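# Topology and contacts: notes
Here is what each chain is made of, one letter per residue.
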Amino acid sequence: MTTTSPSRRTTTGALLALAIGSFGIGMTEFVVMGLLPEISRELLPAVWAASQEDAIAQAGWLITLYALGVVIGAPTIAGSVARFPRHRVMVLLALSLTVFNALTLVLPTFELVAASRLLAGLPHGAYFGIGALVAAEVMGPGNRAKGVAFVLTGLTVANVVGVPLGTFLGQNLGWRWAFLLVVVIFALATAAIALTVPHRAGEPARTLRAELGIFRVGQVWFALGIGAVGFGGFFAVYTYVATLVTEAAGAPAWSVPLVLIILGVGMTVGNLVGGYLADRDLTRALFGLMGGLILSQLLLALTAGWIVSLVFFVFAVGFTSSAVSPTIQTRLMDVAGDNQSIAAALNHSALNMGNALGAALGGAVIAAGLGYTAPVWVGLILALGGLGIAAVSFSLERRRASRPELARV
């Protein structure tokens, strides 16, 4: 086992390798959303012929199954592999992502492709969770959140570059071309991780049973609640950006990809800023950024009828929400005690629950006839809920610190 700190070159190489994999995850998770017509037309031809809307709705299960895979895989995989060397685990996770996305690329029927999407989601949370631990380790004390944020940058950059490129390829050459690009990226990530991530000995005592002890820690549940509820506020906006642009602001459809790119830029910048702020003062960063998210959503809801203000506040929502992500990830790592592997991965289960919650509630208010800005108000309420959970969490922690006789919360 190496006892010296990694060199700057080693650290940079490892972070870049991990970020390549997170870029691929961002593509495989979100590119499906823009290619549902192409996928449903090829894999569900009979349904498409009868009703294009029904075919697209059925193809939407590919998104749901991927998210389900993340929720299932994050705690089970991360807990099961905690005792093994992390560099070896990261190689296997990247290889699994390569293989499962290759199945999506080549399988011929909707049912088989759906199964492959569930499989592709399984390593997602463990990759980010254990990758965050590797990043924190190579960056060293005082820079953990910066390392976590750097790895997550691949995910946010995918929304700026990878998803638009994959959508373009899929629309013009066929949707499988987008997944061919995804497979190539994951193959590159696998090789880069194998070559650059430092070798560290495993921890044989960290069994799945030991890791599952994390669910007895009350503060872990609070941290997960901040992610699932508070981040659900972001997804309530993100899922319905297209209708905000075309229906609420009355802008042409061709402007939607431009607004999405601006949102992605906000996410990328916010992620890096959030990592920096979290390393300086995690508590202030979490509360300040959650407050910024709430304010951004309020102003977006009030001014969405004007495209210029909509673009500005969509950028602000992307910036603040993404900046919150490394603070939540680091908070989970802080309260998890010895259960680091499963804690870091559980964050992505929580975020995917937030994805499902925000999208579902946003769709429900539109279906109820409350208008196309209604999902933004839903997002505001969810973000307030996340802030409230954070306030209770830190209040209990302060009480416990001042009164050691209190039970562990």
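Before any of the text, the structure's been laid out above.
Residues numbered from 1 in each chain as written. Predicted model: local features only at pLDDT ≥ 70, side-chain atom pairs only at ≥ 80, totals over all residues. Heavy atoms only, no water.

## A look at the nonpolar core
For clarity, the threshold we go by: The nonpolar core is taken to be a set of buried Ala, Val, Leu, Ile, Met, Phe, Trp, Tyr and Cys residues, with the residues joined through side-chain atoms within 4.5 Å. Buried means the residue's accessible area, taken with a 1.4 Å probe over protein chains only, is under 20% of the maximum for its type, while exposed means over 50%, and partly exposed covers the values in between. Runs of H or I in DSSP of at least four residues are treated as helices and runs of E of at least two as strands, each being numbered from the N terminus. Throughout, a residue-residue contact means that at least one pair of heavy atoms, one from each residue, lies within 4.5 Å.
Ranked by size, the top nonpolar core spans 70 residues in total, and within it L18, M90, Y127, I193, F234, L300 and L310 carry the most contacts. The greatest single-element share of this core, amounting to 11 residues, is contributed by helix α7 (residues 110–139). Every residue in contact with I193, bar those within four places of it in the chain, is listed here: A17, L18, H87, M90, V91, A94 and Y127. Formed by 18 residues, the second largest nonpolar core is a distinct cluster that contains V31, I39, F110 and W175.

## Regarding the side chain of T303
Among the secondary structure elements, T303 is positioned in helix α14 (residues 282–303). Residue class for T303 comes out buried when judged on its relative accessible area of 19%. Among all residues touching T303, those that are not within four sequence positions of it are S309, L310 and F313.

## Notes on the environment of Q52
Relative to the helices and strands, Q52 resides in helix α4 (residues 52–59). Residue class for Q52 comes out partly exposed when judged on its relative accessible area of 42%. The spatial distance from the C-alpha of Q52 to the C-alpha of P37 is 7.9 Å, given a sequence separation of 15 residues.

## Regarding the pattern of salt bridges
Inclusion rule: In what follows, salt bridge is the name for a side-chain nitrogen of Lys or Arg lying within 4 Å of a carboxyl oxygen of Asp or Glu.
Counted under the stated rule, the structure contains three salt bridges. Put simply, E42 and R176 hold a salt bridge, and the shortest N to O gap is 2.9 Å. A residue pair is termed long-range when its members are at least 10 positions apart, and E42 in helix α2 (residues 36–43) and R176 in helix α9 (residues 175–196) qualify at 134 residues. Here E42 falls in the partly exposed class, since its relative accessible area comes to 40%. Measuring nitrogen to oxygen at the nearest pair gives 3.7 Å for the salt bridge that ties R284 to D281. Taking relative accessible area as the criterion, R284 reaches 68% and is therefore assigned exposed.

## Some points on the packing of aromatic side chains
Short version of the rule: For Phe, Tyr and Trp, rings pair up if their centres lie within 6.5 Å, where Trp contributes its six-membered ring, and each pair is then called stacked (planes under 30 degrees apart), edge-to-face (over 60) or tilted (otherwise). A ring is scored as having a charge over it whenever the NZ atom of a lysine or the CZ atom of an arginine sits within 6 Å of its centre and within 35 degrees of its normal.
Inspection of every chain in the model, using the stated rule, returns seven aromatic pairs. Here the aromatic rings of Y127 and F128 are separated by 6.0 Å at their centres, their planes lie at 90°, and the arrangement is edge-to-face. One exposure class covers both Y127 and F128, and it is buried. Pairing F231 with F235 gives two aromatic rings, centres 5.8 Å apart and planes at 65°, and the pair type is edge-to-face. Of the two residues, F231 and F235 both sit in helix α11 (residues 218–238), four residues apart, roughly one turn of that helix. Judged by its relative accessible area of 7%, F235 is buried. Each residue in the set F231, F234 and F235 is aromatic and connected to the rest through ring pairs, giving one cluster. A cation over an aromatic ring shows up here: R331 above the ring of F394, its NZ or CZ 4.1 Å from the ring centre.

## Some details on the packing of helix α12 (residues 241–248) against helix α13 (residues 256–280)
Spelled out, the test is: The convention used is that axes are lines fitted to C-alpha atoms, helices contributing only their stretch in contact, and that angles between N-to-C directions extend from 0 to 180 degrees. Any angle between 65 and 115 degrees counts as roughly perpendicular, while under 35 counts as roughly parallel, over 145 as roughly antiparallel, and the rest as oblique. Crossing chirality is assigned from the near helix's rotation relative to the far helix, an anticlockwise turn below a right angle marking it left-handed and a clockwise turn marking it right-handed. Residue classes follow a fixed rule: Ala, Val, Leu, Ile, Met, Phe, Trp, Tyr, Cys and Pro count as nonpolar, while Asp, Glu, Lys and Arg count as charged, and any other residue, Gly among them, counts as polar.
At a minimum axis distance of 9 Å, the contact between α12 and α13 shows a crossing angle of 130°. On the basis of their axis angle, the class for α12 and α13 is oblique. The way α12 lies across α13 gives a crossing that is right-handed. Every residue of α13 that contacts α12 at V241, A242, V245 and T246 is listed here: V256, V259, L260 and L263. For the contact of α12 with α13, the per-class residue count stands at seven nonpolar, one polar and no charged.

## What to know about a nonpolar patch on the surface
The condition that has to hold: Patch membership needs two things, relative accessible area over 30% and no salt bridge, and members are linked within 9 Å if like-charged or within 5 Å if nonpolar (Val, Leu, Ile, Met, Phe, Trp, Tyr). Shrake-Rupley sampling with a 1.4 Å probe provides the accessible areas, and residues are treated as covered by the protein chains on show and by no other component.
Side chains of L173, W177, L180 and V184 sit close together on the surface and give an oily, nonpolar patch of about 390 Å² of accessible area. The element that contributes the greatest number of residues to the nonpolar patch is α9, accounting for three residues. Summarising the element assignment, W177 is placed in helix α9.

## As for the side chain of T330
Just so we agree on the cut-off: Contacts described as polar in this section are N or O atom pairs within 3.5 Å, which, within protein, must combine one atom able to donate a hydrogen with one able to accept it, while residues neighboring in sequence count only if both atoms come from side chains.
Summarising the element assignment, T330 is placed in helix α15 (residues 307–335). Judged by its relative accessible area of 3%, T330 is buried. Among the polar contacts listed, one links the side chain of T330 to the backbone oxygen of P326, at a separation of 2.7 Å.

## Brief notes about the environment of P164
Relative to the helices and strands, P164 resides in helix α8 (residues 144–173). You can call P164 partly exposed: its relative accessible area is 33%. When the C-alpha positions of P164 and V31 are compared, they lie 7.7 Å apart, and in sequence the two are 133 residues distant. Once residues lying within four places of it in the same chain are set aside, the contact partners of P164 are A158, N159 and I261.

## Notes on α11
Our working rule: By this rule the span expected of a helix is its residue count minus one, scaled by 1.5 Å.
If you check α11, its first and last C-alpha atoms are 30 Å apart, about what 21 residues at 1.5 Å a residue would give, namely 30 Å. Most of α11 is tucked away, with 17 of its 21 residues classed as buried.

## So, the environment of G362
Mapped onto the elements of the fold, G362 is located in helix α16 (residues 340–367). On a C-alpha basis, the gap between G362 and T239 in space is 8.0 Å, while along the polypeptide they are 123 residues apart. Setting aside chain neighbours within four positions, we find G362 in contact with Y240, P375 and V378.

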